[in-house]
Amino acid sequence: NWINTSAGTLYACWTIVEETKYDVTISANANGSVNPSGTQKVGASGIQVTATPNDGYEFNQWSYTGGAEAVPSNSATTTVTATANGTITASFVAKTCTLSLGQQGGTGGTNSVTVQYKNNNYSANPVTVPSREGYIFNGYYSGNSCTGKQVVDESGEWVKDATDYTDANGNW
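## Quick look at the overall build of the protein
Logical step 1: Each helix and strand counted, the protein has 0 helices and 11 strands in total.
Logical step 2: Taken from the N to the C terminus, the helices and strands of the protein come in the order β-β-β-β-β-β-β-β-β-β-β.
Logical step 3: For the protein, buried positions account for 28% of its 172 residues.

## Observations regarding the pairing of strand 4 (residues 47-53)
Logical step 1: With 4 bridges connecting them, strand 2 (residues 32-35) and strand 4 associate as antiparallel partners. For V34, the partnering residue across the bridge sits in strand 4 and is A51.
Logical step 2: Summarising the sheet, strand 4 and strand 6 (residues 77-94) pair through 4 bridges and their orientation is antiparallel. Within the sheet, the bridge partner assigned to V49 lies in strand 6 and is T78.

## Observations concerning the layout of surface pockets
Logical step 1: Of the volumes computed, that of the largest pocket is approximately 640 Å³.
Logical step 2: Taken together, the elements giving at least two residues each to the lining of the largest pocket come down to strand 7 (96-100), strand 10 (140-143) and strand 11 (147-152).
Logical step 3: The greatest single-element share of the lining of the largest pocket, amounting to 4 residues, is contributed by strand 10.
Logical step 4: When grouped by side-chain class, the residues that make up the lining of the largest pocket number 13 nonpolar, 12 polar and 1 charged.

## Digging into the side chain of Q103
Logical step 1: Within the secondary structure layout, Q103 lies in the loop between strand 7 and strand 8 (112-118).
Logical step 2: You can call Q103 buried: its relative accessible area is 19%.
Logical step 3: A polar contact is formed between the side chain of Q103 and the side chain of N111, at a distance of 3.3 Å.
Logical step 4: Setting aside its immediate chain neighbours within four residues, Q103 contacts G108, G109, T110, N111, P130 and Y140.

Reading guide: rules and limits
Residues numbered from 1 in each chain as written. Predicted model: local features only at pLDDT ≥ 70, side-chain atom pairs only at ≥ 80, totals over all residues. Heavy atoms only, no water. Helix = DSSP H or I, 4+ residues; strand = E, 2+ residues; numbered from the N terminus. Buried < 20%, exposed > 50% of the residue type's maximum accessible area, 1.4 Å probe, protein only. Pairing = 2+ DSSP bridges. 1 Å grid on protein atoms, 1.4 Å probe; cavity = no way out; pocket = protein on both sides within 12 Å on 5 of 7 lines; lining within 4 Å. Points joined across faces, edges and corners; volume = space filled by probe spheres on them. Nonpolar A, V, L, I, M, F, W, Y, C, P; charged D, E, K, R; others polar. Polar contact = N/O pair within 3.5 Å; in protein donor to acceptor, adjacent residues only side chain to side chain. Contact = heavy atoms within 4.5 Å.

Listed below in structure tokens is the structure:
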């Protein structure tokens, strides 16, 4: 029997409920890696996952199936959460760079070219050469006024594979 007639306080009692976790398989396509990788136990609180591209590639996006989700899906480092079993996959794309072709008084021809990493090399399509009255086109060089390395010959073909002129990040 409750016989206390004075005011008092009652206190709540709590028991911790363990978060439900699910199997999420984390992987990358052939052009990079992820950390952590493989099957991980993941719940609503999530885990941090980082995608690292191989040389010549850059992170593109995360794709996911089942009850797994990556937020944000467009950042190499993301938080993966799960409400059911699922998969998360990082994808990577080849790096590209655009080179302007300084025509030095010439007209016509290709103004710029996109160089892309393919099959462990940087490559680009041939260029259409410019013309200049009273001059013979000698090619494109890495330096101004025909200095540096010749990169494109007089017919618009690359002198050597573009790899010779780029680093692993696609910088010239």
